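# Coordinate analysis (summary)
Here is how the chains run, residue by residue.
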Amino acid sequence: MSDTHRMDIPAYQADPSTVRALGRVAVFMGGDSAERAVSLKSGQAVLSALLSAGVDAYGVDVQGCLLRTVDAPEFDRVFIALHGRGGEDGTLQAILSQAGIPFTGSEMMASALAMDKLRTKYVLEGCNLPTPRFSAMASEADADRILLNLRLPLSVKPSHEGSSIGIRKVKNRDELISAYREAAALDPLVLVEEWIEGPEFTVSLLQDRALPAIGLSTDHVFYDYDAKYLTDDTRYQIPCGLDADAELRLQNLALEAFRVLGCRTWGRVDIMQDGSGDFWLLEVNTVPGMTDHSLVPMAAKAAGISFEELVVRILEDTLESGNPGETVNA
């Protein structure tokens with residue numbers, strides 16, 4: 001890890017006028033998805049940072065019917081730290097929009113689209129953005145068709161899960177069918193795509209700006225759930241190891257993918273590089289992890305932005321003119 005990542009950043013306090021404008025902030029976390037444990041960690045980190053910055057904030061473990069979250073709310077706006085279904089897929093965003101309550105991150109359509117990995121790839125492909133060749137898999141009977149059209153090895157993943165849950169690398173027909181069964185148990189919509197062999201990068205976006213790219217390497221088969229959240233042997237490269245021109249191409253590609261999906265304020269784009277040096281878009285995350293292992297805070301720190309400043313800047317975008325619910329509790 002580079003000296004840039006380890007650098008000390010001065011303590012941050014939000015501007016008093018900003019704090020007054022933000023009012024009372026609810027940090028939504030937890031939820032009922034497979035990413036509940038990660039979401040609780042993210043939410044607690046966000047809450048601690050907001051309080052440290054001087055923001056009047058409190059945590060809400062959102063479980064069960066989401067409609068109850070807007071029944072007589074005791075908050076002025078929401079920082080969404082919910083990962084996965086229910087919190088990241090447009091459902092909560094639709095409810096908050098309808099209730100007129102401002103919230104962080106992307107709106108309903110972009111959230112729903114980015115959460116659906118298969119349809120995200122249809123959009124990327126339709127916009128002529130590079131993404132690995134792929135196919136939907138709806139049953140075991142699709143295996144032979146897929147093997148005729150796609151080159152092994154393949155990646156098999158549930159279309160609506162995050163945090164690399166349910167993803168497997170497969171090298172033959174038997175492994176493809178086995179991986180499909182595992183993925184289909186989590187999601188009836190399964191995405192199969194060609195495996196790109198090479199370095200992996202992630203680019204975090206903040207307020208329409210690409211932060212320094214991070215190069216990822218692990219002794220696991222790929223950057224899976226354990227590598228993301230549990231082990232301490234994942235290697236993060238900041239600077240990412242690319243020359244300046246290549247990193248700029250990488251950042252611009254991430255920004256373009258983020259924009260064509262209609263995402264806003266903050267997020268993260270995961271990208272592979274093949275042996276020829278070409279970049280390939282994997283997915284777009286609209287509510288990335290904010291734990292002590294997470295990549296967005298890491299990239300922000302490399303750009304000289306403390307965790308406290310990062311969460312306040314994400315929240316500040318809810319004050320912009322035209323954000324749903326701007327006049328709530330007025």
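Residues numbered from 1 in each chain as written. Predicted model: local features only at pLDDT ≥ 70, side-chain atom pairs only at ≥ 80, totals over all residues. Heavy atoms only, no water.

For the record, the criterion: UniProt positions are given in the numbering used here, feature names are shortened, and annotations may be inferred rather than shown by experiment.
Under an unreviewed UniProt entry, the name given to the chain is D-alanine--D-alanine ligase, and the organism recorded is Marinobacter confluentis. The UniProt entry for the chain carries the following comment under Subcellular location (unreviewed entry): "Cytoplasm".

## Let's talk about the overall build of the chain
Cut-off, in case you're wondering: Numbering of helices and strands starts at the N terminus; helices are DSSP runs of H or I of at least 4 residues and strands are runs of E of at least 2. We call a residue buried when its accessible area falls under 20% of the maximum for its residue type, exposed when it is over 50%, and partly exposed in between, using a 1.4 Å probe and counting protein chains only. For this analysis, residues touch if any pair of their heavy atoms sits within 4.5 Å. For every accessible area listed, the method is Shrake-Rupley and the probe measures 1.4 Å; residues are considered covered only by the protein chains on display.
Counting its secondary structure elements, the chain contains 12 helices and 13 strands. Looking at the chain residue by residue over its 330 residues, the buried ones come to 57%. The contacts of the chain with a sequence gap of at least 6 include a subset with a gap of at least 24, amounting to 70%. Working note: accessible area of the chain is about 13800 Å², and carbon and sulfur atoms make up 50% of it.

## Brief notes about the UniProt feature "binding site: Mg(2+) 1" (unreviewed entry) in the chain
Per the UniProt record, "binding site: Mg(2+) 1" (unreviewed entry) is found at Asp-270 and Glu-283. Its place among the elements puts Asp-270 in strand S12 (residues 266-273). Given the relative accessible area of 6%, Asp-270 is considered buried. Each residue touching Asp-270, except ones within four places of it in the same chain, is listed here: Phe-201, Thr-202, Trp-280, Leu-281, Leu-282, Glu-283 and Asn-285. By the secondary structure assignment, Glu-283 is in strand S13 (residues 279-285). Residue Glu-283 is classed as buried on the basis of its relative accessible area, which comes to 14%. When near neighbours in sequence (up to four residues on either side) are disregarded, Glu-283 contacts Lys-117, Lys-157, Arg-268, Val-269 and Asp-270.

## Overview of the UniProt feature "binding site: Mg(2+) 2" (unreviewed entry) in the chain
The UniProt feature table records "binding site: Mg(2+) 2" (unreviewed entry) at Glu-283 and Asn-285. Secondary-structure assignment places Asn-285 in strand S13. Setting aside residues no more than four positions away along its own chain, Asn-285 makes contact with Glu-88, Gly-267, Arg-268 and Asp-270.

## Here's the deal with helix H10 (residues 244-260)
Threshold: Under the convention used throughout, the expected extent of a helix is 1.5 Å for every residue step, that is, one less than its residue count. Counted as a polar contact is a pair of N or O atoms within 3.5 Å, where, for protein atoms, one must be capable of donating a hydrogen and the other of accepting one, and residues adjacent in sequence contribute only when both atoms are in side chains.
Given a rise of 1.5 Å per residue, 17 residues ought to cover 24 Å, and the 24 Å separating the end C-alpha atoms of H10 matches this to within 8%. The N-cap of H10, judged by a side-chain oxygen 3.2 Å from the amide nitrogen of Asp-245 a few residues on, is Asp-243. One or two steps after H10, the chain reaches Gly-262, where phi turns positive at roughly 80°.

## What to know about the sheet that holds strand S7 (residues 190-194)
Short version of the rule: Between any two strands, pairing holds if DSSP finds at least two bridges. As a rule, the C-alpha atoms of each element are fitted with a line to give its axis, helices using only the stretch in contact, and angles between N-to-C directions run from 0 to 180 degrees.
Pairing is antiparallel across the open sheet formed by four strands, whose spatial order is S4-S7-S5-S6. The open sheet has two free edges, formed respectively by strand S4 (134-137) and strand S6 (168-170), since each of these has just one partner strand. Taken over all neighbouring pairs, the strand axes of this sheet differ in orientation by 25° on average, direction set aside. Looking at chain direction, strand S5 (residues 154-158) and S6 are connected through three bridges and run antiparallel. Bridging from a neighbouring strand, Leu-154 pairs with Val-170 of S6. Contacts between helix H6 (residues 117-126) and the sheet are confined to S4, S5 and S7, with S4 contributing the most and set at about 150° to the helix. This element, helix H8 (residues 173-186), spans S4, S5, S6 and S7 of the sheet and lies at about 160° to S6.

## Some remarks on the environment of Leu-319
Along the chain, the position of Leu-319 falls in the segment after helix H12 (307-316). Here Leu-319 falls in the partly exposed class, since its relative accessible area comes to 28%. Leu-319 sits 242 residues away from Arg-77 along the chain, and the two C-alpha atoms are 9.4 Å apart.

## Let's talk about the nonpolar core
Our working rule: Throughout, nonpolar core names a set of buried Ala, Val, Leu, Ile, Met, Phe, Trp, Tyr and Cys residues whose side chains join them through atoms within 4.5 Å. Here the limits of each domain have been adopted from an automatic or database domain assignment.
Counting 51 residues, the largest nonpolar core has Leu-50, Val-55 and Phe-79 as the members making the most contacts within it. With six residues, helix H11 (residues 295-302) is the largest single contributor of residues to this core. Both domains that meet at this core, namely domain 1 (16-105 + 314-318) and domain 3 (200-304), each give it at least three residues. Leaving out residues up to four positions away in the same chain, Val-55 has contacts with Val-19, Leu-22, Val-25, Leu-50, Val-312 and Leu-315. Ranked by size, the runner-up nonpolar core spans 26 residues in total, among them Ala-114, Ala-213, Leu-255 and Phe-279.

## Quick word on the pattern of salt bridges
Applied cut-off: Every case where a carboxyl oxygen of Asp or Glu lies within 4 Å of a side-chain nitrogen of Lys or Arg is listed as a salt bridge.
With the rule as written, the count across this model stands at 17 salt bridges. Among the ionic pairs, Arg-181 bridges to Glu-140, the shortest N-O distance being 2.8 Å. Of this pair, Arg-181 sits in helix H8 while Glu-140 is found in the loop between S4 and helix H7 (143-149), placing the two residues 41 residues apart along the sequence. With its nearest N and O atoms 3.1 Å apart, the salt bridge here joins Asp-270 to Arg-268. This pair shows no difference in class: Asp-270 is buried, exactly as Arg-268 is. Connected through shared salt-bridge partners, Lys-121, Lys-157 and Glu-193 make up one network.

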